[in-house]
Amino acid sequence: MASAGIETAALAKASKGGSKSDRFAPNYWPFVIPALIVISAVIVFPWVFTVWMSVNNWTLGQSQVFAGLDNYIRLAVDMRFWESLWHTVVYTALSVLLPLFLGTLAALIFDAQFPLRGLIRGIFVMPMMATPVAIALVWTMMFHPQLGVLNYLLSFIGIGPQEWIYNQSSVIPSLVLVESWQWTPLVMLIVLGGLAAVPREPYESAEIDGANVWQKFRYLTLPMIAPFLMIAVIIRSIDAVKSFDIIYAMTQGGPGTASETINIYLYNTAFAYYDIGYGSAMAVVFFILIVLLSFVLMMIRQRVNWSDGEAR
């Protein structure tokens, strides 16, 4: 009985001491509250407000009228929206695949040892440092059918003048050319990082077995740099799908609507036609599509195994 009383007293004392330490424990919530306020003001509130505007008919200068899902139903039958979605898909796919191919090729070249390799690398990455609007203005002058330098250079190899961004069939490939010129160096840097981590022993074994250059790339280099290629695909996909500045500065979605992506159509709807409600519905749908794209890319990314430099 005495021992039980002693244990009870000890527990009561420990409980009392514990509660006292809890009272004087540091509280970090005051430091978190400013960040929560900023996140709510910058991210949460704009999206909640955008969703609210998407269920209203609101033309700038007029009063709001609750419309429910009318704007989304309107989107479903809007052929211009579906056309802009297709342009976005084509532009994104080409803007990912072309820099991925050229960047990988450039990385394989710059991974070799040759004189002035560092200087040439530095020159090669310079397009990444330029602002998109400045790049757009320079390339617009280069694409000019009569005065542009590109048609002048093509004339030396017997190719006639091209209309580039002034023709509906060639405007998106021309814009992709500009996008690829700027961001191929980024892919090259990512792949170079992968090549630097590749061990050399498998190549020595492959040379002993008589493997040629293509076999070594196909069965050794490509599997081991696959995780880095996937990183490049994710970064380029995110950047290309939201591309706006280069397209707007060069074509503004033209000629006609031939290069009008969802970003351009959304901008024109909300800030040129002042149809804020419809533009907000388009922004919500575009956000959902980006989330789905991100989910697919991350699922593919999870299938890439980093261990031992192998991919599966």
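Residues numbered from 1 in each chain as written. Predicted model: local features only at pLDDT ≥ 70, side-chain atom pairs only at ≥ 80, totals over all residues. Heavy atoms only, no water.

With that out of the way, let us pick up the overall build of the chain. Secondary structure assignment for the chain yields 13 helices and two strands. In the chain, buried positions account for 36% of the 312 residues. Surface exposure of the chain reaches about 18,900 Å², of which carbon and sulfur atoms provide 71%. (Helix = DSSP H or I, 4+ residues; strand = E, 2+ residues; numbered from the N terminus. Buried < 20%, exposed > 50% of the residue type's maximum accessible area, 1.4 Å probe, protein only. Areas by Shrake-Rupley, 256 points an atom, 1.4 Å probe, with all protein chains shown as cover.)

Another aspect to go through is the nonpolar core. Residues Met188 and Val191 are the most contacted members of the largest nonpolar core, which totals 25 residues. Those elements giving two or more residues to this core turn out to be helix H4 (79-110), helix H8 (171-196), helix H9 (201-208) and helix H10 (213-241). Sorting elements by how many residues they give to this core places H10 first, with nine residues. Counting 19 residues, the second-largest nonpolar core is a separate cluster that includes Trp139, Ile165, Ile172 and Val176. (Core = buried A, V, L, I, M, F, W, Y, C linked by side-chain atoms within 4.5 Å.)

For the rest of this paragraph, the subject is the packing of helix H12 (residues 262-272) against helix H13 (residues 276-302). Here H12 crosses H13 at 160 degrees, and the two axes come no closer than 8 Å. Here H12 is positioned roughly antiparallel relative to H13, judged by the angle of their axes. By crossing handedness, the relation of H12 to H13 is classed as left-handed. Packed against H12, whose contacting residues are Ile262, Asn263, Tyr265, Leu266, Thr269 and Ala270, the element H13 presents Ile276, Tyr278, Gly279, Met282, Ala283, Phe286 and Leu289 at the interface. Considering only residue class, the contact of H12 with H13 consists of ten nonpolar, three polar and no charged. (Axes fitted to C-alpha atoms, helices over the stretch in contact; angles between N-to-C directions. Parallel < 35°, antiparallel > 145°, perpendicular 65-115°, else oblique. Left-handed = near helix turned anticlockwise from the far one by under 90°. Contact = heavy atoms within 4.5 Å. Nonpolar A, V, L, I, M, F, W, Y, C, P; charged D, E, K, R; others polar.)

This part is about the environment of Pro199. Inspection of the secondary structure puts Pro199 in the loop between H8 and H9. For Pro199, a relative accessible area of 37% corresponds to the partly exposed category.

Here the focus is the pattern of salt bridges. The tally for this structure, following the rule as stated, stands at seven salt bridges. Among the ionic pairs, Arg74 bridges to Asp275, the shortest N-O distance being 3.0 Å. In this pair, Arg74 sits in helix H3 (residues 70-76) while Asp275 sits in the loop between H12 and H13, placing the two residues 201 residues apart along the sequence. Note on Asp275: relative accessible area 15%, which makes it buried. (Salt bridge = Lys/Arg side-chain N within 4 Å of Asp/Glu carboxyl O.)

This paragraph deals with the UniProt feature "transmembrane region" (unreviewed entry) in the chain. With numbering aligned to this structure, UniProt lists the feature "transmembrane region" (unreviewed entry) at residues 28-49, 89-110, 122-142, 180-198, 219-238 and 276-300. Its end C-alpha atoms 30 Å apart, residues 28-49 is made of 95% helix and 0% strand. Helix makes up 100% of residues 276-300 and strand 0%, and the two end C-alpha atoms of the span are 36 Å apart. (UniProt positions renumbered as here; feature names shortened; annotations may be inferred.)

Per-residue confidence for the chain averages 85 on the pLDDT scale, and 89% of its residues sit at or above 70. Across the chain, the element-wise mean pLDDT spans from 51 in helix H1 (residues 2-23) up to 94 in H4. Under a pLDDT of 50 for its full length, residues 307-312 has, in the predicted model, eleven contacts with residues more than four places off or in other chains. (pLDDT = per-residue confidence, 0-100.)

In the segment running from Gly254 into Pro255, the intervening peptide bond is cis, with an omega of -5 degrees. Structurally, Pro255 can be placed in the loop between helix H11 (245-250) and H12. Its identity is not glycine, yet Leu116 carries a phi of approximately 60 degrees, on the positive side. In this fold, Leu116 is placed in the loop between H4 and helix H5 (117-124). With relative accessibility at 59%, the residue Leu116 sits in the exposed group. The phi angle at Tyr274 is positive, at roughly 60 degrees, despite the residue not being glycine.

This brings us to the packing of H4 against H10. Packing of H4 against H10 brings their axes to within 9 Å, and their N-to-C directions diverge by 140 degrees. The orientation of H4 relative to H10 falls into the category oblique. Where H4 crosses over H10, the handedness of that crossing is right-handed. Here Thr88, Tyr91, Thr92, Ser95, Val96, Pro99, Leu100, Thr104 and Leu108 of H4 lie close against H10, whose contacting residues are Phe217, Thr221, Leu229, Ala232, Val233, Arg236, Ser237, Ala240 and Val241. Here the contact of H4 with H10 is composed, by residue class, of eleven nonpolar, six polar and one charged.

Here we come to helix H6 (residues 132-142). Given 3.6 residues to a turn, an α-helix orients residues that are three or four positions apart in the same direction. For H6, every residue scored as buried is listed here: Ile135, Ala136, Trp139 and Thr140. Projected down its long axis, H6 carries its buried residues within an arc of 135 degrees, all on one side. On the buried face of H6, the contacting elements are helix H7 (149-155), H8 and H11. (Arc of directions from axis to C-beta.)

It is worth spelling out H13 at this point. Over its 27 residues, H13 runs 38 Å from end to end, which matches the ideal 39 Å to within 8%, given 1.5 Å per residue. At its buried positions, H13 is contacted by helix H2 (29-54), strand S1 (56-57), H3, H4, H10 and H12. (Expected span 1.5 Å × (residues − 1).)

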